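The residues making up each chain are set out below.
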Amino acid sequence: MSESTIVPDSSPRAVAERSGLHVPESLIDAATAVSINRVSKSFGNDLNPDGSLRAPVLKEISLDVRQGEFVCLLGASGCGKSTLLNLIAGLDSPTQGTIETPGGRTALMFQESALFPWLTAGDNIKLALRLADVPKAEWNDEIERLLELVHLGGQGSKRIHELSGGMRQRVALARALAQRSKILLMDEPFAALDAITRDVLHEELSRIWQEQDLTIIFVTHNVREAVRLGQRVMLMSSRPGTFVRQWDVDVTGERRIEAPEIAALASEITTDLRREIRRHAK
Amino acid sequence: MLAIVVLLVIWWVAYWLKLQPPHLLPSPLDVWGTFTKLLTNGAVWEAVTKSLQRAFLGFAISVVLGTLLGLALAQFTLFRRAFGPLITGLQILPSIAWVPAAILWFSISTEAMLFVVILGATPSIANGLASGIAQMPSIYPRVGKMLGATGFDAIRFVILPAALPGYIAGLRQGWAFAWRSLMAAELIAYAPALGIGLGQVLQQGRELVDMPMVMTAIILILFVGILVELCIFAPLERYVLKQRGLAGAKR
């Protein structure tokens, strides 16, 4: 097992060459959806005498995500993964470095239920369609299609407080898809759900990812979730947040958490994650 | 209900003990007689309608001003620092204090009355909206931004609906202030040419030393104020809270 390495250039080709891992040529040639280039972020603007940032939350992060790729950002709480996602989403801007999204607009799905409680499930989706400038004539069909997609067909008139946690996150997913962007950013969207509901939603997210040809960047602190979903898992360290290692989850077909290669990879990543957490606990 | 009975009993006892001469403290029965007589006489309904018209007009202007002011208070830190305490101060100032100034500026006119109503109601509405926005979970504006709601869209689709419970509380308080301020203004800005409102009925009663008429006017003022509250603001608030799953269906 190689020592933890910081990944300065994570373009698929560079990674493939450096790691010697097998990466399909088709993926290498896929267009870039998100390109993060030496991004640092600090809140407050403390600078060291040499002009570098003091106590940055993120330090010189670089990451290229291919179109159609499913990347999981894994790290302990407070490592800056959500900050990075907010930067990609454009909700905040990096202190240094650049972020480009040649893949188009991004949609962000939050951990907590971020649905508007004054609207019904359907109207939450309708608002997203309206703000995405979808023609009014298409709204009703589109709402029903999206609700069907997340298996909530016919439930559009429900109030948010009438829905279970899992159903709310399905609606939130439908609302994110209503934005018609091909890049979906997900900030621990299933963290507050029970294990069984989460498992079901993992399956559905995988299905929707493939059906809708999405690029997904998924933030989690749950190793099993990362391995279950991602094609690539990026492990982040804390203070400052940087990538320390990455794994390609080269598994085709059934990706149940019980599969032996998945379990082996999960335990390998867990070891690394533990080491990171211990390192920062000192 | 019990409170009303107790109040009536106290009134009756006070009348019976002759704490005041009967023409100054009439019996509840005398007042009831005048009350029913005045109600069947169209003049009182005209006064109620007149007062409600003035109150609604003043309140409507206050809603517009208070909403703009509340949004400005919530959005601009500098504005909030500079004017926040002033607006809260205005809320404390009894709006009757404005009546002399209003009469000097606008003479005895409808404008003077509206001025007092607006100064009474606007600060409550502005503060209600501003605190509603301040209490809104910080995730809503971020979600709004994510969905592409900027500028006016953000206010319309995210900020105003999210702040609605606080806003309605402000409107409710604003209505109470508007109604009170109007009565104070009508009592003082008394000119028959402007049309007779409930406050002016009260003033007429005083001038004629017609205590049953005064009492009737007081009861009507109370009654109309409560009626608007019960018929408009209470159901509105209940609906908004219920829609968000924040309250049981009944209190």
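For the structure itself, look to the data block above.
Residues numbered from 1 in each chain as written. Chains lettered and ligands numbered in written order. Predicted model: local features only at pLDDT ≥ 70, side-chain atom pairs only at ≥ 80, totals over all residues. Heavy atoms only, no water.

**Considerations on the overall build of chain B**
Put simply, the test is: A helix here means a DSSP run of H or I that spans at least four residues, while a strand means a run of E at least two residues long, and both kinds are numbered starting from the N terminus. Relative accessibility decides the category of a residue: with a 1.4 Å probe and only protein chains considered, values under 20% of the type maximum give buried, values over 50% give exposed, and everything between is partly exposed. Working rule for contacts: check all heavy atoms of both residues, and any pair within 4.5 Å makes them a contact. Method for areas: the Shrake-Rupley scheme with a 1.4 Å probe, in which residue coverage is limited to the protein chains shown.
The number of helices and strands found in chain B is eleven helices and zero strands. For chain B, the sequential pattern of α-helices and β-strands runs α-α-α-α-α-α-α-α-α-α-α. With 251 residues in all, chain B has 46% of them scored as buried. The contacts in chain B between residues at least 6 apart in sequence include a share of 71% that link residues at least 24 apart. As displayed, chain B has an accessible area near 13,300 Å², and 73% of this comes from carbon and sulfur atoms.

**A closer look at the interface of chain B and chain A**
As a reminder of what qualifies: Throughout, buried area stands for the accessible area (probe radius 1.4 Å) lost by two parts on being put together, summed over both. A pairing counts as a salt bridge when a side-chain nitrogen of Lys or Arg comes within 4 Å of a carboxyl oxygen of Asp or Glu. N or O atoms within 3.5 Å of each other form a polar contact, as long as, within protein, one can give a hydrogen and the other can take it, and as long as residues adjacent in sequence are counted only when both atoms are side-chain atoms.
Taken residue by residue, the interface counts 21 residues in chain B and 23 residues in chain A. Buried surface at the junction of chain B and chain A, both sides included, amounts to about 2,000 Å², of which 67% is carbon and sulfur. Contact with chain A buries surface across chain B, with M146, L147 and F157 of chain B losing the most and accounting together for 36% of the total. Linking chain B with chain A are zero salt bridges. The interface formed by chain B and chain A holds four residue pairs in polar contact (both at pLDDT 80 or more) in total. When residues of the side of chain B that touches chain A are traced back to their parent elements, those giving at least two are α7 (139-147), α8 (152-162) and α11 (211-243) of chain B. Ranked by residue count, the leading element in the side of chain B that touches chain A is α7 of chain B, at eight residues.

**A look at unusual backbone geometry**
One non-glycine residue, R180 of chain A, lies in positive phi territory at about 60°. Take R180 of chain A: it is sitting in the loop between α6 (165-178) and β6 (183-187). With relative accessibility at 46%, the residue R180 of chain A sits in the partly exposed group. Its identity is not glycine, yet S107 of chain B carries a phi of approximately 55°, on the positive side. Its place among the elements puts S107 of chain B in the loop between α5 (98-106) and α6 (110-134). The class of S107 of chain B is partly exposed, set by a relative accessible area of 41%.

**Section: the environment of V214 of chain B**
Residues and elements named next belong to chain B. If you trace the backbone, V214 turns up in helix α11. In this structure the C-alpha to C-alpha distance between V214 and G199, which are 15 residues apart in sequence, comes to 9.7 Å. Excluding residues that lie within four positions of it along the chain, V214 makes contacts with L202, G205 and R206.

**Some thoughts on helix α1 (residues 2-16) of chain B**
Under the convention used in this document: By definition here, a helix of n residues has an expected span of 1.5 Å times n minus one.
Its 15 residues give α1 of chain B an end-to-end C-alpha distance of 21 Å, which sits within 8% of 21 Å, the value for a rise of 1.5 Å per residue. K18 of chain B occupies a position one or two residues after α1 of chain B and carries a positive phi of about 55°.

**Thoughts on the side chain of R66 of chain A**
Along the chain, R66 of chain A turns up in strand β2 (residues 58-66). At a separation of 2.9 Å, a polar atom in the side chain of R66 of chain A contacts the side chain of E69 of chain A.

**Topic: the sheet that holds β6 of chain A**
Whether parallel or antiparallel, the strands of a sheet pair through hydrogen bonds between backbone atoms. All names here are of chain A. For clarity, the threshold we go by: When DSSP finds at least two bridges between two strands, those strands are taken to pair. Think of each axis as a best-fit line through the C-alpha atoms, taken over the contacting stretch in the case of a helix, with angles from 0 to 180 degrees between the N-to-C directions.
One open sheet accounts for six strands, arranged β5-β6-β7-β3-β8-β9; its pairing is mixed. With partners counted over all chains shown, the strands left at the sheet margins are β5 (106-109) and β9 (242-248), one partner each. Here the strands of the sheet are splayed against their neighbours by 20° on average, with no regard to which way each runs. As paired strands, strand β3 (residues 70-74) and strand β8 (residues 232-237) are joined by four bridges and run parallel to one another. Each residue of the ladder has a partner; that of L74, found in β8, is L235. Contacting β3, β6 and β7 (215-220), helix α7 (residues 195-211) runs over the sheet at an angle of about 155° to β7.

**What to know about the packing of aromatic side chains**
As a reminder, the rule being used: Only rings of Phe, Tyr and Trp enter the pairing, Trp through its six-membered ring, and a pair is recorded when the two centres are within 6.5 Å. The plane angle decides the type: under 30 degrees is stacked, over 60 is edge-to-face, the rest tilted. Two conditions define a charge located above a ring, namely a distance within 6 Å from the ring centre to NZ of Lys or CZ of Arg, and an angle within 35 degrees of the ring normal.
Using the criterion set out here, one finds 14 aromatic pairs over all chains in the structure. Ring geometry for F70 of chain A and W209 of chain A: centres 5.3 Å apart, planes at 80°, overall edge-to-face. Of this pair, F70 of chain A sits in strand β3 while W209 of chain A sits in helix α7, and the two are 139 residues apart along the sequence. Grouping residues by exposure puts F70 of chain A and W209 of chain A together as buried. Ring geometry for F59 of chain B against F233 of chain B: centres 5.9 Å apart, planes inclined by 85°, an arrangement best described as edge-to-face. Taken together, the residues F59 of chain B in helix α3 (residues 42-75) and F233 of chain B in helix α11 connect sequence positions 174 residues apart. Of the two residues, F59 of chain B and F233 of chain B, neither departs from the other in class, the shared state being buried. An aromatic cluster is built from F56, F59, W175, W179 and F233 of chain B, whose rings are joined through pairwise contacts. The cationic tip of R175 of chain A hangs over the ring face of F116 of chain A; the distance from NZ or CZ to the ring centre is 5.3 Å. Above the ring of F177 of chain B, the side-chain terminus of R180 of chain B is found at 5.0 Å from the ring centroid.

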